[in-house]
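# Structure assessment
For reference, the chains in residue letters:
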Amino acid sequence: MASPTPVHYKQNRLKQLRAFCHAAQTGSISEAAEKIFLSQPTVSLQIQALERELETVLFERRGPKIRLTPEGEILFKLSQPLVEGMDKLHETFAAQQGLLESGELNIAAGESTILYVLPSPLKHFMAQHPKIRVKLHNVTGGRDGLSRLRADEADFAVGSMIEVPDDIVYKPLVTYSPALIVPTDHPLAKKKRVTLEDISPYGLILPPPSLTTWRMVDLVFRQHEVKFKTALQAGGWEVIKRYVELGLGISIVTDVCLTGEEKLVKFPLNEYFPTRSYGLVLRRGKYLSPQAKRFIDTLEAYYEGADAHQEQGNE
């Protein structure tokens, strides 16, 4: 069987693919040009050269914005890992030699993840790799985190996901349970267990309706044909816990935020609400830097160890 005709790559092939990938990520020729420090005409010419050679159209052009064609989507999935791999070749080579001493790590995460899920593994990682610069991007809601991933502003995200898009990979690491929290002097505080009917007369302190917690509370109460009322909308578990302590209402939270030191009474609600997982959120096909891989290993090892310790304690 005859071997395929060899392809002789031109010296500017990597430049063309880099320009193409940045244009695909930003949806703009001008923004891509700014990111890779080239002129807009140069980026346009590089993309046009790719289109001529591949005999296809890679972008739909609609005014200042551009969008990938189906053929462009295929090329982007093939070329993005190659471009990222070449751009980070020096760091990867150093890591293979055991010289992972520098570089940058960008993590997107919501406030609850930054406060309760990341601190211990991050402390361990930074002690082991003090010269790696870590940037935590505090995002509001899952969409914000996904946009950071898709724009390559973050190596990966850590958080909670219910619906996972096709271009995203979600790997749960740890699960937490739902709980009702009430002030220590609240009428419900003396009960052994609570039902949705018990909760119904009292005002709840909840995050805004745009967030997962509010939507889940609304869904569960409607499924059980029980009404609830909102006393106050507030963002952030720390704020909500403090306001419950002050007697401004009661709340339904994920117990990831409960340390046991709060002046609150907690009731499990597993009977009504599903457990909630927190895990790694990755863009499918994303090239992970050695720094990102090392931190993911640290994160996974930490929570695998925590799960094993918890299982031993339950025996």
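What comes next concerns the included structure. (Residues numbered from 1 in each chain as written. Predicted model: local features only at pLDDT ≥ 70, side-chain atom pairs only at ≥ 80, totals over all residues. Heavy atoms only, no water.)

### What about the overall build of the protein?
Quick reminder of the rule: By definition, any uninterrupted DSSP run of H or I lasting at least four residues is a helix, any uninterrupted run of E lasting at least two residues is a strand, and each is numbered from the N terminus. With a 1.4 Å probe rolled over the protein chains alone, any residue whose accessible area is under 20% of its type maximum counts as buried; one over 50% counts as exposed, and the rest are partly exposed. Only heavy atoms matter for contacts: two residues are in contact if any of them lie within 4.5 Å across the pair. We get accessible surface area from the Shrake-Rupley algorithm with a probe of 1.4 Å; when it comes to residues, only the shown protein chains can shield them.
Each helix and strand in the protein was counted, giving 12 helices and 12 strands. Split into buried and exposed, the 315 residues of the protein put 44% on the buried side. Partitioning the intrachain contacts of the protein with sequence separation of at least 6 by distance along the chain shows that 72% fall at a separation of at least 24. A total of about 18,300 Å² of accessible surface is found on the protein, and carbon and sulfur atoms cover 53% of it.

### Concerning the side chain of Arg13
Along the chain, Arg13 falls in helix 1 (residues 13-26). Those residues in contact with Arg13, other than ones at most four positions away along the chain, are Leu50 and Glu53.

### A closer look at the pattern of salt bridges
So the rule is basically this: The salt bridge criterion pairs a side-chain nitrogen of Lys or Arg with a carboxyl oxygen of Asp or Glu, the two atoms within 4 Å.
Here the structure, examined in full by the defined rule, presents 16 salt bridges. We note a salt bridge from Glu153 to Arg148, for which the minimum N-O separation is 3.5 Å. Each of the salt bridges in this network shares a partner with another, and the network as a whole consists of Glu104, Arg133 and Lys135.

### A closer look at the pairing of strand 9 (residues 229-233)
Counted only if it meets this: Paired strands are those between which DSSP finds at least two bridges. For the handedness criterion, the strands are oriented away from the viewer, and a crossover whose path from the first strand over the helix to the second runs clockwise is classed as right-handed.
Two elements, strand 8 (residues 203-206) and strand 9, share four bridges in a ladder whose sense is parallel. Bridging across to strand 9, Leu204 finds its partner in Thr230. In terms of handedness, the path from strand 8 via helix 10 (residues 212-223) over to strand 9 forms a crossover that is right-handed.

### A closer look at the sheet that holds strand 5 (residues 156-159)
Stated precisely, the cut-off is as follows: For helices, the fitted axis covers only the stretch in contact; all axes are lines through C-alpha atoms, and the angles between them, taken along N-to-C directions, range from 0 to 180 degrees.
Taken together, the five strands give an open sheet; going across it, the order is 4-3-5-12-6, and neighbouring strands pair in mixed fashion. Across the chains shown, the open sheet's two edge strands, defined by having one partner strand only, are strand 4 (133-138) and strand 6 (168-176). Strand-to-strand, the axes of this sheet are offset by a mean angle of 20°, without reference to chain direction. Of the pairings in the sheet, the one linking strand 3 (residues 104-109) to strand 4 comprises six bridges and is parallel in character. Paired with Leu105 across the bridge in strand 4 is Val134.

### Points about a nonpolar patch on the surface
Heads up, the rule is: By definition, no residue in a patch forms a salt bridge, and every one has over 30% relative accessible area; like charges are joined within 9 Å, nonpolar side chains (Val, Leu, Ile, Met, Phe, Trp, Tyr) within 5 Å.
Residues Val239, Tyr243, Leu246 and Leu248 make up a contiguous nonpolar surface patch of about 330 Å² in total accessible area. In this fold, Leu248 is placed in the loop between helix 11 (237-245) and strand 10 (251-254). Under the relative-accessibility criterion, Leu248 is labelled partly exposed at 46%.

### Description of unusual backbone geometry
At Asp152, a position not held by glycine, the phi torsion is positive, near 60°. Mapped onto the secondary structure, Asp152 falls in the loop between helix 8 (142-150) and strand 5. What makes Asp152 partly exposed here is its relative accessible area of 23%. For Glu225, which is not glycine, the phi dihedral falls at a positive 55°. By secondary structure assignment, the location of Glu225 is in the loop between helix 10 and strand 9.

### Some words on the nonpolar core
The test is simple: By convention a nonpolar core is built from buried Ala, Val, Leu, Ile, Met, Phe, Trp, Tyr and Cys residues, the set being connected through side-chain atoms within 4.5 Å.
One finds Leu105, Phe156, Val158, Trp237, Phe295 and Leu299 to be the most contacted residues of the largest nonpolar core, which totals 35 residues. The biggest single contributor to this core is helix 12 (residues 290-314), with five residues. Those residues in contact with Leu299 that sit more than four places away from it in its chain are Leu118, Pro121, Val158, Leu173 and Leu280. Counting residues in each nonpolar core, the second largest holds 21 residues, with Val182, Val194, Leu196 and Val226 among its members.

### With respect to the environment of His224
Locating His224 in the fold gives a position in the loop between helix 10 and strand 9. Assessed through its relative accessible area of 37%, His224 is described here as partly exposed. Between the C-alpha atom of His224 and that of Leu196, which follows or precedes it by 28 residues, the distance is 8.2 Å. Apart from residues lying up to four places away in sequence, His224 is in contact with Leu196 and Tyr272.

### Here's the deal with the sheet that holds strand 10
Read from one edge to the other, the open sheet built from three strands follows the order 10-7-11, with strand pairing classed as antiparallel. Strands at the two margins of the open sheet, each flanked by one partner only, are strand 10 and strand 11 (264-268). Across this sheet, the average inter-strand angle for adjacent strands is 35°, counted without regard to direction. In this structure, strand 7 (residues 178-183) lies alongside strand 11, joined through five bridges in antiparallel fashion. Within strand 11, the position partnered with Ala179 by the bridge is Pro268. Across the sheet, helix 11 touches strand 7, strand 10 and strand 11, and the angle it forms with strand 10 is around 145°.

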